[in-house]
Amino acid sequence: MTAVDKNIPDAMVGDIDDDWRLKLLGEKVLLNNSIVDESTDVTFDIETSEQQLQEDRESMPTQAFFEGYEYIALFFGANYCPFCTKFAPSVVAAKQYLEEKKCKTIFVSNDRDQENFDQSCAKVRGLDAMKYDTSKTAVMREIFGLKTIPALIILPNKAFDQDKPEVFFNAREILELDPHCKNFPWGESRQAEPVTAWERLWIHGRHGNWWQVGHRNVSELHPEDMYIDEHAVRARAGLLNICTVVMLMNVFFIQEPDLVTYAFYPFVAWEFLSSLVFGLTPFSPLGWLGTLCATILHPKPLWKPANPKRFAWAIGMTLATTCMVFVQFRKDMGAVYKPAVAAVVFTCFVATWLEGNLGFCVGCYLYNEVIVGYFDREECVECKA
């Protein structure tokens, strides 16, 4: 990748309209001076006086600040965020290693006021910072699709005339795995070791026990976390989609409530309950069949975190139970019964169709948009990949 000074035309210097770095980060960068090297114990004193911080805060033109670098690393954090406080020392310690790889790091504050911004700068002494500007931060969060912090966004330092920069990836988790940045620029994460067909069908050995929801030791970043093969999930969604078609036919044509009471609901309830507790195998009939199909048709699994999938299945269980309740109270519901049941079944049809055909999981989307925001959970970045 070409260095910055070879990419900036003379006419572009100082022109905010033609340089996304200036539009996003402002015309100047604050120099949050403090030398941090490998021998330094990276700790932070929140009590650092504002006077000392102001003395250290000289500024530098943004274009000159990034001159000679091929990459830009934006560290998004805030004083109120405990995860940011925990992650900040890793970013500060990695600054010198990133600069050796021609990557310039800058702190982007998500703080609510100037006082908290000052305290954040005290925590990241050694990292230069974007001037405090909540409007610019909000724009960047929207552009980069950030729902939670901390985040470490890697951008190429080029193509300044574009409306917005290209985003390589959120490197927060990768930095924890490679703190000295030996493998920078980082590529996509790889699974720890190949997984055999039998290991995909029956969880055992290094991947855990058969009663677990997902496999362990399949992610290079999170070997202890449980993952599920996305190919198998989509295959099962396709099978469930067929079930919803049958139920739509029952609502409008067959009109047999006992089919729901004694066949459809018990089967679907077992399917969702067994997968919620034990994963796709061995007790979930459609889950097992989907896993078998995925193993045959997709020799290489596509691993995704298990928790968002479990949340999606819980929604499916809720919809199936709602349908069952409507059937049991159909006489009391009168004319509302048929459109109500049809709406629930059609919702299931759309959700399973999107998952099986387009790979879009409604439950995973809601997990990131609702659960993460309102219950202070970690965003599932891998769900978006």
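This text follows the structure it describes.
It should be emphasised that the depicted structure is a prediction, and the values quoted were computed from it without experimental measurement.

Chemist: When you look at the overall build of the protein chain in this model, what are you seeing that I'm missing?
Modeler: The secondary structure content of the protein chain amounts to 15 helices and nine strands. Out of the 385 residues belonging to the protein chain, those deemed buried represent 47%. For the protein chain, the exposed area adds up to about 19,100 Å²; of that, 57% sits on carbon and sulfur atoms.

Chemist: What am I meant to see in unusual backbone geometry here?
Modeler: The linkage connecting Phe184 with the following residue, Pro185, adopts the cis geometry, with an omega of 0°. Its location among the elements puts Pro185 in the loop between helix H7 (172–177) and helix H8 (197–201). For Cys181, which is not a glycine, the phi torsion comes out positive at approximately 55°. Looking at where Cys181 falls in the secondary structure, it is placed in the loop between H7 and H8. Judged by its relative accessible area of 0%, Cys181 falls in the buried class. Of note in this structure, Asn217 is not a glycine but carries a positive phi near 60°. Among the structural elements, Asn217 can be located in the loop between H8 and strand S8 (227–229). For Asn217, a relative accessible area of 24% puts it in the partly exposed group.

Chemist: Would you mind going over helix H11 (residues 285–297) with me for this structure?
Modeler: Each full turn of the α-helix corresponds to 3.6 residues, which orients residues three or four apart in the same direction. With 13 residues, H11 extends 18 Å between its outermost C-alpha atoms, agreeing within 8% with the 18 Å of an ideal straight helix rising 1.5 Å per residue. Those residues of H11 that fall on the buried side of the exposure criterion are Leu286, Gly287, Gly290, Thr291, Ala294 and Thr295. Buried positions along H11 lie against H8, S8, helix H9 (230–254) and helix H10 (257–278).

Chemist: Help me understand the packing of helix H12 (residues 306–328) against helix H14 (residues 337–358), please; the structure alone is not making it clear to me.
Modeler: In a packed pair of helices, the relevant descriptors are the angle between the two axes and the axis-to-axis distance. Between H12 and H14, the least distance of the axes is 9 Å, while the angle of their chain directions is 160°. Between H12 and H14, the crossing angle belongs to the class labelled roughly antiparallel. The two elements H12 and H14 cross, and the hand of that crossing is left-handed. Packed against H12, whose contacting residues are Lys309, Leu319, Thr322, Cys323, Phe326 and Val327, the element H14 presents Tyr337, Ala340, Val341, Val344, Val345, Thr347, Cys348 and Glu355 at the interface. Classifying every residue of the contact of H12 with H14 gives ten nonpolar, two polar and two charged.

Chemist: When you look at the packing of aromatic side chains in this model, what are you seeing that I'm missing?
Modeler: The final tally for this structure, using the stated rule, is 16 aromatic pairs. Residues Phe117 and Tyr132 carry aromatic rings whose centres are separated by 5.4 Å and whose planes lie at 35° to one another, so their mutual orientation is tilted. Of this pair, Phe117 sits in helix H5 (residues 114–123) while Tyr132 is found in the loop between strand S5 (128–130) and helix H6 (134–144), placing the two residues 15 residues apart along the sequence. Residue Tyr132 is classed as partly exposed on the basis of its relative accessible area, which comes to 23%. For the pair Trp210 and Phe278, a centre-to-centre distance of 6.4 Å together with 20° between the ring planes defines the contact as stacked. Taken together, the positions of Trp210 in the loop between H8 and S8 and Phe278 in helix H10 put the pair 68 residues apart, joining distant regions of the chain. Take Phe278: its relative accessible area is 25%, and that puts it in the partly exposed class. Ring pairing ties together the aromatic residues Trp198, Trp202, Trp210, Trp211, Phe278 and Phe283, which thus form one cluster. Of note, Arg112 hangs over the ring of Tyr80, and the distance from its end group to the ring centre comes to 4.0 Å.

Chemist: I would appreciate a short explanation of the nonpolar core in the present structure.
Modeler: Note that soluble globular proteins tend to have their nonpolar side chains buried in a common cluster. By size, the foremost hydrophobic cluster in this structure holds 31 residues, and its most contacted members are Ile228 and Trp313. Breaking this core down by element, the ones donating at least two residues are H9, H10, H11, H12 and H14. Sequence-distant contacts of Trp313, that is, excluding residues within four places in its chain, are made with Ile228, Val233, Arg236, Phe272, Ser275, Leu276 and Leu280. Of all hydrophobic cores here, the second largest spans 26 residues; its members include Val91, Phe117, Val124 and Leu127.

Chemist: Would you mind showing me how to read the environment of Gly214 here?
Modeler: Within the element layout of this structure, Gly214 appears in the loop between H8 and S8. For the pair formed by Gly214 and Arg200, sequence separation is 14 residues and the distance between their alpha carbons is 9.5 Å. Excluding residues within four positions of it along the chain, Gly214 makes contact with Ile203, His207, Met226, Tyr227 and Ile228.

Chemist: For this particular structure, what's the right way to read the layout of surface pockets?
Modeler: Gaps left between atoms are located by rolling a probe of water-molecule size over the structure's atoms. Looking at the second largest pocket, its volume works out to about 430 Å³. If you go around the second largest pocket, you meet 26 residues; those closest to its centre are Phe272, Ala312, Gly316, Ala351 and Thr352. Listed by contribution, the elements that provide at least two residues to the lining of the second largest pocket are H9, H10, H12, H14 and helix H15 (362–375). Taken together, the residues of the lining of the second largest pocket break down into 18 nonpolar, five polar and three charged.

Chemist: Just checking my understanding: could you explain the side chain of Thr261 for this structure?
Modeler: Residue placement: Thr261 occurs in helix H10. Ignoring anything within four residues of it in the chain, the contact list for Thr261 reads Pro266, Met324, Val327 and Gln328.

Chemist: Which parts of the structure should I look at to understand the pairing of strand S4 (residues 103–109)?
Modeler: For a regular strand, the rule is simple: side chains alternate between the two faces of the sheet. Of all the seven residues making up S4, seven are buried; the element is thus mostly covered by neighbouring parts of the structure. Burial of S4 is two-sided: the residues Cys103, Thr105, Phe107 and Ser109 facing one way and the residues Lys104, Ile106 and Val108 facing the other way are all buried. Direction of pairing for strand S3 (residues 71–77) relative to S4: parallel, over a ladder of seven bridges. From the neighbouring strand, Ile72 faces S4, where its bridge partner is Lys104. Note that the unit made of S3, helix H4 (residues 82–100) and S4 has a crossover that is right-handed. Taken together, the two bridges between S4 and S5 define a ladder with parallel strand orientation. Residue pairing for S5: Phe107 is matched across the bridge by Ala129. Running through H5, the crossover from S4 to the neighbouring parallel element S5 is right-handed.

The rules behind these values
Residues numbered from 1 in each chain as written. Predicted model: local features only at pLDDT ≥ 70, side-chain atom pairs only at ≥ 80, totals over all residues. Heavy atoms only, no water. Helix = DSSP H or I, 4+ residues; strand = E, 2+ residues; numbered from the N terminus. Buried < 20%, exposed > 50% of the residue type's maximum accessible area, 1.4 Å probe, protein only. Areas by Shrake-Rupley, 256 points an atom, 1.4 Å probe, with all protein chains shown as cover. Expected span 1.5 Å × (residues − 1). Contact = heavy atoms within 4.5 Å. Axes fitted to C-alpha atoms, helices over the stretch in contact; angles between N-to-C directions. Parallel < 35°, antiparallel > 145°, perpendicular 65-115°, else oblique. Left-handed = near helix turned anticlockwise from the far one by under 90°. Nonpolar A, V, L, I, M, F, W, Y, C, P; charged D, E, K, R; others polar. Phe/Tyr/Trp six-rings, centres within 6.5 Å; stacked < 30°, edge-to-face > 60°. Lys NZ or Arg CZ within 6 Å of the ring centre and 35° of its normal. Core = buried A, V, L, I, M, F, W, Y, C linked by side-chain atoms within 4.5 Å. 1 Å grid on protein atoms, 1.4 Å probe; cavity = no way out; pocket = protein on both sides within 12 Å on 5 of 7 lines; lining within 4 Å. Points joined across faces, edges and corners; volume = space filled by probe spheres on them. Pairing = 2+ DSSP bridges. Right-handed = clockwise from strand over helix to strand, strands pointing away.

Keep in mind these numbers describe shape, not what the thing actually does.
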